[in-house]
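Structural features, examined
Given next are the chains, with one letter for each unit.
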Amino acid sequence: MNPDVIAPTLALGGTTTWLVALLGTFMVTLLGAAHKLGLIYQLWYQVDPKSTRHGGEIVADVLKAHGVRFVFTLVGGHISPILVASEKLGIRVVDTRHEATAVFAADAVARLSGTVGVAAVTAGPGVTNTITAVKNAQMAESPVLLIGGAAATLQKGRGALQDIDQLSLLKPLCKFCASVKTVRDISPVLRKAIAIAQCDTPGPVFVEFPLDVLYPYHLIERELIKKTSSKGLVGKFINWYLRRYLGNLFAGAWEVRDLSPLPVKMPKATKKEVQQCVELISRAKKPVILLGSQVTLPPTPVKKLRDSLEELGIPCFLGGMARGMLGKNSPLHIRQNRREVLKEADVVILAGTVCDFRLSYGRILSKGSKIIAVNRNPEQLLKNAHVFWKPHIAIKGDAGSFLVHLSQDLKGYSCPRDWVISLKESDHMKEKENREKAEELTEHHLNPLKLLHHVDCLLPEDSLLVADGGDFVGSAAYIVKPRGPLCWLDPGAFGTLGVGGGFALGAKLCRPESEVWILYGDGSLGFSIMEFDTFVRHKTPVIALVGNDACWSQISRDQVPLLGSNVACGLDYLDYHVVADGLGGKGFLLNRQNEDQMDDIIRTAQSECRSGKPILLNALIGKTNFREGSISV
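- An unreviewed UniProt entry lists the protein under the name 2-hydroxyacyl-CoA lyase 2, from Phrynosoma platyrhinos.
- The annotation that UniProt attaches to the protein under Sequence similarities (unreviewed entry) is "Belongs to the TPP enzyme family."

**Here we look at the overall build of the protein**
- Each helix and strand in the protein was counted, giving 25 helices and 17 strands.
- Summarising its shape, the C-alpha atoms of the protein cover approximately 110 × 65 × 50 Å along the three principal directions.
- Out of the 633 residues in the protein, the part that is buried amounts to 54%.
- Accessible area for the protein stands at about 28,400 Å²; split by element, carbon and sulfur atoms hold 57% of it.

**Some points on the environment of His-577**
- In this fold, His-577 is placed in helix α24 (residues 576-582).
- Counting along the chain gives twelve residues from His-577 to Leu-589, while the straight-line C-alpha distance between them is 6.5 Å.
- Other than its neighbours up to four places away in sequence, His-577 contacts Gly-587, Phe-588, Leu-589, Leu-616 and Asn-618.

**Some details on unusual backbone geometry**
- Put simply, Pro-298 and Pro-299 share a cis peptide bond, and its omega is 15°.
- Its place among the elements puts Pro-299 in the loop between β7 (287-291) and α13 (302-312).
- Phi is positive for Glu-141, which is not a glycine, with a value near 60°.
- Counting through the fold element by element, Glu-141 comes out in the loop between α7 (131-140) and β4 (144-150).

**Quick look at the pattern of salt bridges**
- What the rule picks out here adds up to 26 salt bridges.
- Of the charged contacts in the structure, one is a salt bridge between Arg-97 and Asp-533, with a shortest N-O distance of 2.9 Å. Pair noted here: Arg-97 is in the loop between β2 (92-95) and α5 (99-113) and Asp-533 is in helix α22 (residues 531-537), with a separation of 436 residues, a long-range link.
- Overall, Arg-97 belongs to the partly exposed group, its relative accessible area being 41%.
- Arg-603 serves as the salt-bridge partner of Asp-600, at 3.8 Å between the closest nitrogen and oxygen. Here Asp-600 and its partner Arg-603 are both found in helix α25 (residues 598-610), three residues apart, which amounts to about one turn of the helix.
- What you see here is one network of salt bridges that share partners, running through Asp-95, Arg-97, Asp-533 and Arg-537.

**Thoughts on the pairing of β2**
- Two elements, strand β1 (residues 70-74) and β2, share four bridges in a ladder whose sense is parallel. Residue pairing in the sheet places Phe-72 in a bridge with Val-94 of β2.
- This β-α-β element, β1 to helix α4 (residues 80-88) to β2, shows right-handed connectivity.

**Observations concerning the sheet that holds β7**
- Pairing in this open sheet of five strands is parallel, and the strands run β8-β7-β9-β10-β11 from one edge to the other. The sheet terminates laterally at β8 (316-318) and β11 (393-396), the two strands that pair on one side only. Taking each pair of neighbouring strands and ignoring which way they run, the sheet shows an average axis angle of 10°.
- Here β7 runs beside strand β9 (residues 347-351); their pairing, made up of five bridges, is parallel. What sits directly across from Pro-287, in β9, is Val-347.
- The sheet contacts of helix α12 (residues 271-282) involve β9, β10 (370-375) and β11, and relative to β11 the element is tilted by about 145°.
- This element, helix α16 (residues 399-409), spans β7, β9, β10 and β11 of the sheet and lies at about 140° to β9.

Reading the values: rules and limits
- Residue numbers here run from 1 along each chain, matching the order of that chain's written sequence.
- It should be noted that, the model being predicted, local features are given only for residues of pLDDT at least 70 and side-chain atom pairs only at 80 or more, the latter also being counted only at that level, while totals for whole chains, interfaces and linings use all residues.
- As a convention, hydrogens and water are excluded, and side-chain values are obtained from all of the structure's heavy atoms.
- UniProt positions are given in the numbering used here, feature names are shortened, and annotations may be inferred rather than shown by experiment.
- Going along the chain from the N terminus, every DSSP run of H or I of four or more residues is numbered as a helix, and every run of E of two or more is numbered as a strand.
- Only protein chains enter the area calculation, which uses a 1.4 Å probe; residues under 20% of their type maximum are buried, those over 50% are exposed, and those in between are partly exposed.
- To measure how exposed things are, a 1.4 Å probe is used in the Shrake-Rupley method; for residues, cover is taken only from the protein chains shown.
- The criterion used for residue contact is that any of the two residues' heavy atoms lie within 4.5 Å.
- A pair is scored as a salt bridge if a Lys or Arg side-chain nitrogen falls within 4 Å of a carboxyl oxygen belonging to Asp or Glu.
- Following DSSP output, two strands are said to pair if at least two bridges run between them.
- If you view a crossover with the strands going away from you and the path from the first strand over the helix to the second runs clockwise, you call it right-handed.
- Axis geometry follows a simple rule: fit a line to the C-alpha atoms, using only the stretch in contact for helices, then measure angles between N-to-C directions, giving values from 0 to 180 degrees.

Pasting the structure below:
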């Protein structure tokens, strides 16, 4: 071919290719914009601009369909539609004096009910105020749904009120985080979040609701679209874009959707793994079980688990939410001398118990023991393994159902009686020493051990205990006996102070007939004493016992001998009982002057609580050397 012809032809071909590429890019961009604005979706689903319905109603519908009975909150305009709609559906909206309390209350409901607990907070500082409580729920493995308000989607990053990047804050703490983009997305996103919260290892989830997916069409239109017509081309395009955006927000919003709960999945031990454990335990002479909070999780009912443990007959140490699993005076429940027992045991079952600081990172376990570890979380299952301890059998599975299957497969097995009896006798000797220590006269005020023994004797069988403190609560864990399964609430591995008000609120709502006690240190009380107002307004009477030693004693006990200073540890013997009176409750003072009337005062407090008054017992206590040397870091 003539070269003079080839060159123009190639040039023309290159131009055509460039035009095709440009056109393709334009089409892709156009389709992307159409998809983002939901233009095709809007052709199928027309928007009713006169409808007064709003996204908050869908949120409430989903919560109701999932059996949610309570929503804990501190009110804010960003979330008002959710709260109003929930109340209309019969979901009880309980407002607290701090957002952290709302999450703590939801955490307690999750633990006691076996379903997801729900808290709703406003945007920005409302969300940031929950961070500690959300982290506590993560480490305690509680399925909590945190609902957060947010600035309208188009206003994000433009200086809107209380607008921050909330998802980045919550992602490290939550199993799932999402921001709802349109009203039609509310139901599927919420259903997914609630299921994820309960699957595998339970934990918190966060769903963010921008203002424009919660409020009615006409209100969003009023804020979004200018009433005066724009004459310029740019102005017309902006109004066109906003109209399409608004249409996409509400397109298909009120179509009938499935609201029912999604399946909840969890790992379970295989038959082969259970059989391996059966063979190991059947040969054991000195087996012991360490029960952690995980054994109280669904699907295994706590009563069924207790029956299985009693059939196994293996002595048990109980920790976290498992406290009370075997009742008040079980011959299998060993409360004292754990370190010594673990050094002697030949088989140790870690049922949801983690080798973290609470077990000295595994160093407390004997090298000669066969260790069976069962945990839903693979990281927790092997925490510090092959450094300070080594599992003989490690099972990624649910600890509660594992123990039930183990009991079924060990029918006829009998744990050596001399082993159980020797441990219980040693237990009784230690408890006798504690009772003798309780009778010692402290230099000032009441002996805290004596106070706790008196409280333990007066607790009814339906009582539920909330632990919120350091030194005083640490002592109470050795003396006060939970009456049954799911009758003890403590923060868990995070060691958070300030859980008391929220935990007690959630517990009393779940079990209105039970006598709910908060065991407070005077330091931890400061975090949630204002919640006495919440107890009064929502008619949730509880009893708070404050071990008032005018000190952060858990810290001072190490800091003074090691570093020679009590700086920042000192408090005062304040009249906390008067604060309770001022907030509408009833306060009592316990001190050395009325020590001989201690039982009568406690009984009077219990009677006042039954009549509907939240109670605060301000007990002035002195110092003892009980638990001397226990760790605080």
